[in-house]
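Descriptive analysis of the structure
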Amino acid sequence: MRLSSGLLITFEGGEGAGKTTLIEEVARQLQSEGYPLIKTREPGGTKMGEEIRHLLLQHSDTKVSPYAELCLFLASRAQHVAQVIGPALEEKKIVLCDRFNDSTIAYQGAARGLGIDRVTDFCAFASQGVEPNLTLYLDIDPAIGLSRAQRTRAQDRIESETISFHTKIRETFHSLHRAYPHRLYLVDAEQPIAKVFSDAMELIHRLISRECHV
Ligand code: T5A
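All of these numbers come straight from a predicted model, not from anything done at the bench.

1. Here's the deal with the nonpolar core
In terms of nonpolar packing, the biggest core is built from 30 residues, with F11, V26, L30, I94, L96, L136 and I204 touching the most fellow members. Elements that contribute at least two residues to this core include exactly β1 (7-13), α1 (19-32), β3 (94-98), β4 (134-139), β5 (184-188) and α8 (193-211). Counting residues per element, this core draws most heavily on α8, at eight residues. Not counting residues within four places of it along the chain, the set of residues in contact with I204 comprises I9, F11, V26, L30, L134 and L136. One finds L57, L74, A126 and F173 within the second-largest nonpolar core, a separate group that totals 20 residues.

Below is the structure:
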């Protein structure tokens, strides 16, 4: 199946919302339909990005400055866009990306208090103007998401933040949805996995037929 342009689809959500699970299912489905795609994630997606991910998520004796944290997320993104996302879009692929600019706006801009407008500008700079065509925000009560995440592994540095930190992130995603209703959609992540998947695929198929019909 050929596309007339590349598509960047980002998956956002609080901790344990089900992004990784959903991306796997979506990738399998789109591949079975013959679409060229890549799956990737942030922080990460490149060798440098994965090293930055380790730095960011490990527990540390050092109290990490929110400014240093922001710069590391942005450095990972800049490399990821230059090395992986940009070239894949040039090749007219679908890019399925686990987290992108909206996470930085919600986590660092809002929850860390660095300022939504300022962080939005930094994100546009780091991502070199690349914007998602569609963002699926998996909406979940933070307490439910955190308990799901803890079922499979130990909490990382950011997950270990307070519940009010995670609630602020959810509220910010809701306001991003109101600000960008034609790009960022809320998907109820408390539904069974099959329903989350079918809701997501409906939005993705709608995007493909609107943007990339060949
Ligand atoms: N971050 C990231 C920032 O602060 N700023 C930034 O700019 C960026 C890019 C990244 C961390 O960095 C922060 C945010 C994060 O704290 P991460 O690994 O991407 O870390 O984020 P997490 O949300 O922590 O990833 P998780 O792997 O914990 O969550 P997922 O991927 O959303 O959830 P998933 O798919 O692994 O599912 C968790 C469990 O729930 C089950 C799954 O089987 C699994 O066991 N599950 C369901 N159970 C019931 N019903 C459903 N519908 C389910 N869907 C999945």
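2. Overview of the sheet that holds strand β2 (residues 37-41)
As summarised here, the arrangement of the five strands in space is β2-β3-β1-β4-β5, forming an open sheet in which the pairing is parallel. Strands with a single pairing partner mark the edges of an open sheet, and in this sheet they are β2 and β5. Each strand axis lies, on average, 20° off the axis of its neighbour in the sheet, ignoring direction. Where β4 meets β5, five bridges bridge the pair, whose relative direction is parallel. Within β5, the residue paired with T135 across the bridge is L184. Strands β1, β4 and β5 of the sheet are contacted by helix α4 (residues 101-111), whose axis makes an angle of about 30° with β1. Across the sheet, helix α7 (residues 163-179) is in contact with β1, β4 and β5; its angle to β5 comes to roughly 130°.

3. Here's the deal with the side chain of R157
Inspection of the secondary structure assignment puts R157 in the loop between α6 (142-152) and α7. The exposure class of R157 is buried, given its relative accessible area of 14%.

4. Some thoughts on the side chain of Q191
Summarising the element assignment, Q191 is placed in the loop between β5 and α8. For Q191, a relative accessible area of 19% gives the class buried. Engagement of the side chain of Q191 in a polar contact is seen with the side chain of D199, the distance being 3.1 Å. Those residues within four positions of Q191 in sequence are excluded, and the remaining contacts are V196 and D199.

5. A word on the packing of α1 against α8
With their axes 10 Å apart at the nearest point, α1 and α8 run at an angle of 50° to one another. Between α1 and α8, the crossing angle belongs to the class labelled oblique. Remark: the crossing between α1 and α8 carries right-handed chirality. Along the contact surface, α1 presents T21, L22, E25, V26, Q29 and L30, while α8 presents I193, V196, F197, A200, M201, I204 and I208. Split by residue class, the contact of α1 with α8 holds 10 nonpolar, two polar and one charged.

6. Quick notes on the layout of surface pockets
Quantified by volume, the largest pocket comes out at close to 980 Å³. Taken together, 41 residues line the largest pocket, and the ones lying closest to its centre are G16, K19, T20, D98 and R153. The set of elements that each furnish at least two residues to the lining of the largest pocket consists of α1, β2, α2 (47-57), α3 (66-90), α4, α6 and α8. Per-element tally for the lining of the largest pocket: the top contributor is α1, with six residues. Its residues assigned to classes, the lining of the largest pocket comprises 15 nonpolar, 11 polar and 15 charged. What the second largest pocket holds in volume is close to 280 Å³. For the lining of the second largest pocket, the secondary-structure elements that each account for two or more residues are α4 and α5 (116-126). Class assignment of the residues belonging to the lining of the second largest pocket gives a composition of seven nonpolar, four polar and three charged.

Thresholds applied
Residues numbered from 1 in each chain as written. Predicted model: local features only at pLDDT ≥ 70, side-chain atom pairs only at ≥ 80, totals over all residues. Heavy atoms only, no water. Core = buried A, V, L, I, M, F, W, Y, C linked by side-chain atoms within 4.5 Å. Buried < 20%, exposed > 50% of the residue type's maximum accessible area, 1.4 Å probe, protein only. Helix = DSSP H or I, 4+ residues; strand = E, 2+ residues; numbered from the N terminus. Contact = heavy atoms within 4.5 Å. Pairing = 2+ DSSP bridges. Axes fitted to C-alpha atoms, helices over the stretch in contact; angles between N-to-C directions. Polar contact = N/O pair within 3.5 Å; in protein donor to acceptor, adjacent residues only side chain to side chain. Parallel < 35°, antiparallel > 145°, perpendicular 65-115°, else oblique. Left-handed = near helix turned anticlockwise from the far one by under 90°. Nonpolar A, V, L, I, M, F, W, Y, C, P; charged D, E, K, R; others polar. 1 Å grid on protein atoms, 1.4 Å probe; cavity = no way out; pocket = protein on both sides within 12 Å on 5 of 7 lines; lining within 4 Å. Points joined across faces, edges and corners; volume = space filled by probe spheres on them.

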